[in-house]
Amino acid sequence: MSFDEYSQEDPEIYQNKIVWRDARSGSFDVYLYDLSMDSDGDGTPNYLESPRLSPDPAEIHITADEANQSPPVISGNIIAWITDGNESTYCIDIYDLSVDSDGDSIPNYLESPRPDPDPAMSSQIVHSEDYIGNLAISSGKIIWVDLRDHKWSVYMYDLNTDSDGDGTPNYL
């Protein structure tokens, strides 16, 4: 989907959205390609246009962080990845594709420019000095392994949890 000269790795797909990590900025960032986007409204999705659009608005830069992001995972409207803070801190971050912070019916990830700070970019749901890996997501649950007790253990975060009862999941 991306023809940039730098390394693109670890693609994942959920319905019409593809995520991967990409090194074009000098470190690995998370990108998204929306297969359903038809920028010119001619009924042909961008990825089938000939010639391809350049730049292609269906290709969206999700993260812009100096640290490397691990291979992303996607399920529903949630993209998750691990940010590697130079092997001294590890964080699980998420981006919610459904957030529309200005109420204009256009999700933040399609806004140009995107809000800064972008409320769709969650605070870190896990922060650890111990290695985190093997990220997976399904049905609003993120699982991973880490070494926090000096042994490999499996952990889970439920994105649907609303501990304060305000109708908003904890990650928002």
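Enquirer: So what exactly am I meant to see when it comes to the overall build of the protein here?
Expert: The secondary structure content of the protein amounts to 0 helices and 12 strands. Reading the protein from its N end, one meets helices and strands in the order β-β-β-β-β-β-β-β-β-β-β-β. For 172 residues, the compact-globule formula gives about 16 Å, and the C-alpha radius of gyration of the protein, at 17 Å, lands near that figure. Here the C-alpha coordinates of the protein stretch approximately 55 × 40 × 25 Å along the principal axes. Going through the 172 residues of the protein one by one, you find that 42% of them count as buried. About 9300 Å² of surface is accessible on the protein, with carbon and sulfur atoms providing 48% of the total.

Enquirer: Teacher, can you tell me more about a nonpolar patch on the surface here?
Expert: On the surface, I143, V154 and M156 cluster together into a nonpolar patch covering about 290 Å² of accessible area. Checked against the element boundaries, V154 lands in strand β12 (residues 153-158).

Enquirer: Teacher, can you tell me more about the pattern of salt bridges here?
Expert: Oppositely charged side chains may form a pair once their charged atoms are brought near each other. The tally for this structure, following the rule as stated, stands at 9 salt bridges. Its salt-bridge partner being D22, residue R24 comes within 2.7 Å of it at the nearest N-O pair. Given a relative accessible area of 23%, R24 falls into the partly exposed group. Between D146 and R148 there is a salt bridge, and its shortest N-O distance comes to 2.8 Å. The class for D146 is buried, based on a relative accessible area of 0%.

Enquirer: Looking at this model, I keep getting lost on the packing of aromatic side chains. Mind explaining?
Expert: The tally for this structure, following the rule as stated, stands at 4 aromatic pairs. Measuring from ring centre to ring centre gives 5.7 Å for Y131 and W152, while their planes differ by 90 degrees; the resulting arrangement is edge-to-face. Here Y131 is found in the loop between β9 (126-128) and β10 (132-138), whereas its partner W152 is found in the loop between β11 (141-146) and β12, with 21 residues between them in sequence. Y131 gets classed as partly exposed once you look at its relative accessible area, which sits at 38%. Ring centres 6.1 Å apart and planes at 20 degrees place the aromatic pair W144 and Y155 in the stacked group. With a gap of 11 residues between them, W144 in strand β11 and Y155 in strand β12 connect regions that are remote in the sequence. Each of the two residues, W144 as well as Y155, counts as buried. What links up through ring pairs into an aromatic cluster is the set Y90, Y131 and W152. Directly above the ring of Y31 sits R24, whose terminal nitrogen or CZ lies 4.2 Å from the centroid.

Enquirer: Just checking my understanding: could you explain the confidence of the model for the protein for this structure?
Expert: As a general rule, the predicted coordinates of low-pLDDT regions are not to be interpreted in detail. Within the protein, residue pLDDT values average 86, and 90% of them lie at 70 or more. For the protein, per-element mean pLDDT is lowest for β9, which scores 81, and highest for strand β6 (residues 73-75), which scores 97.

Enquirer: It is not clear to me how the sheet that holds β10 should be interpreted in this structure. Could you clarify?
Expert: The strands making up a sheet associate through hydrogen bonds between their backbones, and the pairing can be parallel or antiparallel. Pairing is antiparallel across the open sheet formed by 3 strands, whose spatial order is β10-β11-β12. The open sheet has two edge strands, β10 and β12, and neither has a second partner. The mean angle between the axes of side-by-side strands here comes to 20 degrees, regardless of whether they run parallel or antiparallel. As paired strands, β11 and β12 are joined by 6 bridges and run antiparallel to one another.

Enquirer: What is the right way to read the environment of I62 from this model?
Expert: Among the secondary structure elements, I62 is positioned in the loop between β4 (59-61) and β5 (68-69). Residue I62 is classed as buried on the basis of its relative accessible area, which comes to 2%. As a C-alpha pair, I62 and M121 span 59 residues in sequence and 8.8 Å in three-dimensional space. Contacts of I62, omitting those with residues within four sequence positions, involve V30, Y31, L32, I79, W81, Y95, R114 and M121.

Cut-offs used in this document
The residue numbering used here restarts from 1 in each chain and proceeds along that chain's sequence as written. It should be noted that, the model being predicted, local features are given only for residues of pLDDT at least 70 and side-chain atom pairs only at 80 or more, the latter also being counted only at that level, while totals for whole chains, interfaces and linings use all residues. Derived side-chain values reflect all non-hydrogen atoms in the structure, with water molecules and hydrogen atoms excluded from consideration. A run of H or I in DSSP counts as a helix once it spans at least four residues, and a run of E counts as a strand once it spans at least two, with each numbered from the N terminus. In this description the radius of gyration comes from C-alpha coordinates, and the expected globular size is given by 2.2 Å times residues to the power 0.38. The buried label applies to any residue whose accessible area, calculated with a 1.4 Å probe on protein chains only, is under 20% of its type's maximum; exposed applies above 50%, and partly exposed to all values in between. Surface accessibility follows the Shrake-Rupley procedure with a 1.4 Å probe radius. Residue values consider only the protein chains on display as shielding. Each patch is built from salt-bridge-free residues with over 30% relative accessible area, joining like charges within 9 Å and nonpolar side chains (Val, Leu, Ile, Met, Phe, Trp, Tyr) within 5 Å. Any Lys or Arg side-chain nitrogen found within 4 Å of a carboxyl oxygen on Asp or Glu counts as a salt bridge. A pair of Phe, Tyr and Trp rings is counted when the ring centres sit within 6.5 Å of each other, with Trp represented by its six-membered ring. The angle between the planes then sorts it: under 30 degrees is stacked, over 60 is edge-to-face, the rest tilted. For a lysine, the NZ atom is tested; for an arginine, the CZ atom; a charge sits over a ring if that atom is within 6 Å of the ring centre and within 35 degrees of the ring normal. pLDDT: the predictor's confidence for each residue, scored from 0 to 100. Strand pairing follows a simple DSSP-based rule, namely that at least 2 bridges must link the two strands. Structural elements are reduced to axes, namely lines fitted to C-alpha atoms, with helices fitted over the stretch in contact, and the angle between N-to-C directions of any two is expressed from 0 to 180 degrees. Whether two residues touch is decided by their heavy atoms; if any such pair falls within 4.5 Å, the residues are in contact.

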